[in-house]
Amino acid sequence: MNRDLTTGKPETVLWNFCVPLFGSIIFQQMYNIADSFVAGKFIGENALAAVGNSYEITLIFIAFAFGCNIGCSVIVSQLFGAREYKNMKTAVTTSMISSAVLCTVLVAAGVLGGSRLLQLIRTPDTIFADSRMYLNIYIWGFPFLLFYNVSTGIFSALGDSKTPFLFLAVSSTANIAVDILFVAVLHMGVAGVAWATFLCQGVSCVLAAAAVWKRLSGIHTKDRAPLFSARLLRRIAMIAVPSILQQSFISVGNIVIQGVINGFGAGVIAGYAAAVKLNNLVITSLTTLANGVSNYTAQNLGAGIPPRVKEGFRAAVKMVWILCVPIALLYLLANGHLIRIFMDNPSPAALQSGTRFLFVLTPFYFVVSLKLVADGVLRGAGLMKQFMASTFTDLILRVVLAVALSKQFGYMGIWCAWPIGWSIATALSVLFYRRGTLDKRS
């Protein structure tokens, strides 16, 4: 069901719209968590390290999927809010066509250069073969991930956050079952973990894309909408390219950090692999809620109602802080138990590095969530320069500090780089938001 985000009490509208988004990303993250869980529990600590090591490279591909999602979603939201349904349909097909071209290039690059990337991050010989196998299968399944993300971006633009939630709930639950079948029963090793994700993401992609076409066919226009528009592609690219660059540079930064972590041995790699999955579950969930804020902002600006954006910002901050409370308590009080979820008998290095990672980062979820909400407003308003400035500040600080502090404080220095980068970048994002650029834009 399509939903107009330009009417109703902002707090109520955002809760109704964003809670299914939050549920969707929880299930989305279950794919990666299930991979790590099954690898660590049924294969071993080295398998967990291999999956975690490859995951940092897969984040580059996820960055492109995220950028295509948000670029399409923001423009379609603006057109939907302005009731320009013909242009809205053209924006959807333009996004699909351009995404197909981009996907072809990325898969070719990944297949040809994946092994070299694993070498660049100093992947230990003990986990190199499994890391390469997992990465190769993941890359071949990337088209499913990309088009699923574009499809869910379209649903969000139309104010529907429940349909993608249902798809993900089913497919991610199936992924856990298939993971266990392939690894514990068929003994396929790390390859089984990767193939389970490949198959289940494929199913969710096909279902989501089919539902999008059915939904759009129910929106009638006077004239037939063109399949492609260079003008709309430029508008989409103005949002998508900075978002892709942001996520890509973050991924590259994470790869650099992974390279530093790899110097501390397989135990620390495994501990980090488990802890970073738990951390990414939170950050990706908060980012998805911020994407909902982007859709809300875009629809209201498209409808010419900028005052609702500021009301929405306050409501969104309240919402993410409420969600952060139980997560922070869980991660601070039960971090050891959470790390053990991924490993039956973790080595002392794995357990210690993972628990310390969560202990250092968790209190700062309240800080970074504020940044992500402000970023959501900036993206929805098309204020990409400001968005990029705060994001790159965070990235550069985290990478530089991780490399520098690790030399004196070991892996604890790497962990401390996160909250420093988050705090300074949050101050910038909120400053850009509070300057009143939305009022000037309107």
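Structure first, text after, so check above.
Residues numbered from 1 in each chain as written. Predicted model: local features only at pLDDT ≥ 70, side-chain atom pairs only at ≥ 80, totals over all residues. Heavy atoms only, no water.

*Asks:* Can you help me understand the packing of aromatic side chains in this one?
*Replies:* Aromatic rings in a pair are described by how distant their centres are and how their planes are angled relative to each other. Counted by the stated rule, this structure contains 15 aromatic pairs. Seen in terms of ring centroids, Phe264 and Tyr411 are 6.3 Å apart; in terms of plane orientation they differ by 85°. Their pairing is edge-to-face. Note that Phe264 is positioned in the loop between helix H8 (230-262) and helix H9 (266-302) and Tyr411 in helix H15 (residues 411-434), a separation of 147 residues in sequence. Judged by its relative accessible area of 34%, Phe264 is partly exposed. Every member of this aromatic cluster is reached through a ring pair, and the members are Phe264, Tyr272, Phe357, Tyr411, Trp415 and Trp418. (Phe/Tyr/Trp six-rings, centres within 6.5 Å; stacked < 30°, edge-to-face > 60°. Helix = DSSP H or I, 4+ residues; strand = E, 2+ residues; numbered from the N terminus. Buried < 20%, exposed > 50% of the residue type's maximum accessible area, 1.4 Å probe, protein only.)

*Asks:* Explain helix H12 (residues 348-361) to me, please; I cannot follow it from the model alone.
*Replies:* Residue pairs three or four apart in sequence face the same way in an α-helix, which turns once every 3.6 residues. The first and last C-alpha atoms of H12 sit 20 Å apart over 14 residues, in line with the 20 Å expected at 1.5 Å per residue. Among the residues making up H12, those that are buried are Ala350, Leu351, Ser353, Gly354, Thr355, Phe357, Leu358, Val360 and Leu361. Where H12 is buried, its residues touch helix H2 (45-81), H9, helix H10 (307-333), helix H11 (335-340), helix H13 (365-380) and H15. (Expected span 1.5 Å × (residues − 1). Contact = heavy atoms within 4.5 Å.)

*Asks:* Explain the environment of Leu120 to me, please; I cannot follow it from the model alone.
*Replies:* Topologically, Leu120 is positioned in helix H3 (residues 85-120). Owing to a relative accessible area of 53%, Leu120 belongs among the exposed residues under this scheme. Along the backbone, Leu120 and Ile339 are 219 residues apart, and their C-alpha atoms lie at a distance of 27 Å.

*Asks:* Teacher, can you tell me more about empty space enclosed by the protein here?
*Replies:* One water molecule sets the probe size; rolling that probe over the atoms shows where empty space is left. All told, the structure shown has three cavities of 30 Å³ or more when counted by the stated rule. Elements with a contribution of two residues or more to the lining of the second largest cavity: helix H4 (125-140) and helix H7 (189-217). Counting residues per element, the lining of the second largest cavity draws most heavily on H7, at four residues. Its residues assigned to classes, the lining of the second largest cavity shows five nonpolar, three polar and no charged. (1 Å grid on protein atoms, 1.4 Å probe; cavity = no way out; pocket = protein on both sides within 12 Å on 5 of 7 lines; lining within 4 Å. Points joined across faces, edges and corners; volume = space filled by probe spheres on them. Nonpolar A, V, L, I, M, F, W, Y, C, P; charged D, E, K, R; others polar.)

*Asks:* What's the story with the nonpolar core in this structure? I'm lost.
*Replies:* Core analysis: the largest hydrophobic core is formed by 69 residues, its most contacted members being Tyr331, Phe357, Tyr365, Ile414, Trp415 and Trp418. No other element matches the 17 residues that H9 contributes to this core. Ranked by size, the runner-up nonpolar core spans 60 residues in total, among them Ile75, Phe167, Ala169 and Leu216. (Core = buried A, V, L, I, M, F, W, Y, C linked by side-chain atoms within 4.5 Å.)

*Asks:* Just to check I follow, could you spell out the layout of surface pockets for this structure?
*Replies:* Here the largest pocket defines a volume of roughly 210 Å³. Every residue lining the largest pocket is counted, 14 residues in all, and those nearest its centre are Cys68, Ser98, Leu102, Leu233 and Ala240. Put simply, the parts of the chain that give the lining of the largest pocket at least two residues each are H2, H3 and H8. For the lining of the largest pocket, the element with the most residues is H8, which contributes six residues.

*Asks:* Just to check I follow, could you spell out the side chain of Arg308 for this structure?
*Replies:* As for its position among the elements, Arg308 is in helix H10. Here Arg308 occupies a buried position and makes no salt bridge, while the nearest side chain of opposite charge, Glu311, is found at 5.8 Å. For Arg308, the residues in contact, after removing those within four places along its chain, are Leu5, Thr6, Thr7, Gly8, Pro10, Val13, Tyr296 and Asn300. (Lys, Arg positive; Asp, Glu negative; His and termini not counted. Salt bridge = Lys/Arg side-chain N within 4 Å of Asp/Glu carboxyl O.)

*Asks:* Looking at this structure, how should I read the pattern of salt bridges?
*Replies:* Pairing between side chains of opposite charge can happen when the charged atoms of each approach one another. Under the criterion given, the structure shown has five salt bridges. The shortest N-O distance in the salt bridge between Asp223 and Lys86 comes to 4.0 Å. Of this pair, Asp223 sits in the loop between H7 and H8 while Lys86 sits in helix H3; the two residues are 137 residues apart in sequence, bridging distant segments of the chain. A relative accessible area of 42% means that Asp223 is categorised as partly exposed.

*Asks:* Just to check I follow, could you spell out a nonpolar patch on the surface for this structure?
*Replies:* Residues Leu181, Val185, Leu186, Met188 and Trp195 make up a contiguous nonpolar surface patch of about 430 Å² in total accessible area. Checked against the element boundaries, Leu181 lands in helix H6 (residues 162-185). Overall, the relative accessible area of 39% leaves Leu181 in the partly exposed class. (Patch = residues over 30% accessible without salt bridge, like charges linked within 9 Å, V, L, I, M, F, W, Y side chains within 5 Å. Areas by Shrake-Rupley, 256 points an atom, 1.4 Å probe, with all protein chains shown as cover.)

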